[in-house]
Amino acid sequence: NAGVMQNPRHLVRRRGQEARLRCSPMKGHSHVYWYRQLPEEGLKFMVYLQKENIIDESGMPKERFSAEFPKEGPSILRIQQVVRGDSAAYFCASSPLAPTNTEAFFGQGTRLTVV
Amino acid sequence: KQEVTQIPAALSVPEGENLVLNCSFTDSAIYNLQWFRQDPGKGLTSLLLIQSSQREQTSGRLNASLDKSSGRSTLYIAASQPGDSATYLCAVRGGGGADGLTFGKGTHLIIQP
């Protein structure tokens, strides 16, 4: 059973471009979470999704950021018109059940650098 | 809003010592607490998960305790080894309203050979 797969591992974008980060949860997991780790800061929750639904996006910036988890395929975190402040490590986690009583498994992360 | 604090921020000890990492959280209405390790440039590896109804969990040389009412958890590492060098993160789920985990900033641990 492969773990949580994120790609790409490293992504370089110029200011103003779009960044697309992909996350394939562990087999059998239907709950996906995205987190951001800024340099010298802790991980911050961004969004929680189930298949085809956004459950909690309280941590998402109001502009330029969006996330989806379609019925088929990976979850996508999309950042439009990237700025230097978006440079960070973005982590995806998945769990098999609702978040109240299950362990979260993390991917290796995508390190976004905006130049 | 849930806040998680980890003390100390950094720790350096000789190999073989037993050590304790501390974690505190402000809202005791949590579902569970999870300890992770993160190696430089890598993802997070889950170490232990403690449900809110549990007092402790053990895995090998690691033991984590939870005192939910006082908002505290400790991670005990026995007979430390250089391979234990990493950043250890404490995270809680619940309290403050969000569905995601709330993380502390971590304890950067160095085990000297």
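An account of the accompanying structure is given in this report. (Residues numbered from 1 in each chain as written. Chains lettered and ligands numbered in written order. Predicted model: local features only at pLDDT ≥ 70, side-chain atom pairs only at ≥ 80, totals over all residues. Heavy atoms only, no water.)

1. Let's talk about the pattern of salt bridges
Here's step 1: Under the definition given, this model contains 5 salt bridges over all chains.
Here's step 2: For A:D86, the salt bridge identified is with A:R64, shortest N-O distance 2.7 Å. Residue A:D86 is located in the loop between β8 (75-79) and β9 (88-95), and its partner A:R64 is located in the loop between β6 (53-56) and β7 (65-68); the two are separated by 22 residues in the primary sequence.
Here's step 3: Given the relative accessible area of 25%, A:R64 is considered partly exposed.
Here's step 4: Of the charged contacts, one joins B:D39 and B:R37 as a salt bridge, the two residues approaching to 2.8 Å between their closest N and O atoms. (Salt bridge = Lys/Arg side-chain N within 4 Å of Asp/Glu carboxyl O. Helix = DSSP H or I, 4+ residues; strand = E, 2+ residues; numbered from the N terminus. Buried < 20%, exposed > 50% of the residue type's maximum accessible area, 1.4 Å probe, protein only.)

2. Side note on unusual backbone geometry
Here's step 1: Residue A:P8 is bonded to the preceding A:N7 through a cis peptide linkage, with omega at -5°.
Here's step 2: With respect to the helices and strands, A:P8 occurs in the loop between β1 (5-7) and β2 (10-13).
Here's step 3: Note that the residue after B:I7, namely B:P8, is joined by a cis bond; omega there is 0°.
Here's step 4: Tracing the sequence through the fold places B:P8 in the loop between β1 (4-7) and β2 (10-14).
Here's step 5: Positive phi outside glycine occurs at A:E52, with the angle close to 65°.
Here's step 6: Within the fold, A:E52 resides in the loop between β5 (43-50) and β6.
Here's step 7: Accessibility expressed as a relative area gives 56% for A:E52, which makes it exposed.
Here's step 8: Positive phi values are uncommon outside glycine, yet B:A79 reaches one of about 45°.
Here's step 9: For B:A79, a relative accessible area of 37% translates into the label partly exposed.

3. Here's the deal with the state of the cysteines
Formally, a disulfide is one covalent bond, and it connects the sulfur atom of one cysteine to the sulfur atom of another.
All names here are of chain A.
Here's step 1: Counted according to the given criterion, the structure contains 2 disulfides over all chains.
Here's step 2: The side chain of C23 participates in a disulfide bridge whose partner is C92; the two sulfur atoms lie 1.8 Å from each other. Looking along the S-S bond of the C23-C92 disulfide, the torsion reads about -55°, which is the left-handed sense. Here C23, found in strand β3 (residues 19-24), pairs with C92, found in strand β9; they are 69 residues apart in sequence, far enough to count as distant. No difference in accessibility class separates C23 from C92, as the two residues are buried. (Disulfide = S-S within 2.5 Å.)

4. Quick look at the interface of chain B and chain A
Here's step 1: If you look at the interface, chain B gives 22 residues, while chain A gives 22 residues.
Here's step 2: Per-residue buried area on chain B facing chain A is highest for B:L44, B:R93 and B:D99; these three make up 27% of the total on that side.
Here's step 3: If you look at where chain B meets chain A, you find 0 salt bridges.
Here's step 4: Here chain B and chain A share 6 residue pairs in polar contact (both at pLDDT 80 or more) between them. (Contact = heavy atoms within 4.5 Å. Buried area = accessible area lost by both parts, 1.4 Å probe. Polar contact = N/O pair within 3.5 Å; in protein donor to acceptor, adjacent residues only side chain to side chain.)

5. Considering the packing of aromatic side chains
Here's step 1: Scanning all chains against the criterion turns up 7 aromatic pairs over all chains.
Here's step 2: Ring geometry for A:Y35 versus A:F106: centroids 5.4 Å apart, planes at 45°, classification tilted. In this pair, A:Y35 sits in strand β4 (residues 31-37) while A:F106 sits in strand β10 (residues 105-106), placing the two residues 71 residues apart along the sequence. As far as burial versus exposure is concerned, A:Y35 and A:F106 are alike and both buried.
Here's step 3: When the centroid spacing of 5.6 Å and the interplanar angle of 85° are considered together, the rings of A:Y35 and B:F103 count as edge-to-face. Taken together, the residues span two chains, with A:Y35 in strand β4 and B:F103 in strand β10 (residues 101-103).
Here's step 4: The class for B:F103 is buried, based on a relative accessible area of 7%.
Here's step 5: Three or more aromatic residues joined by ring pairs form one cluster here, namely A:Y35, A:F45, A:F106, B:F36 and B:F103. (Phe/Tyr/Trp six-rings, centres within 6.5 Å; stacked < 30°, edge-to-face > 60°.)

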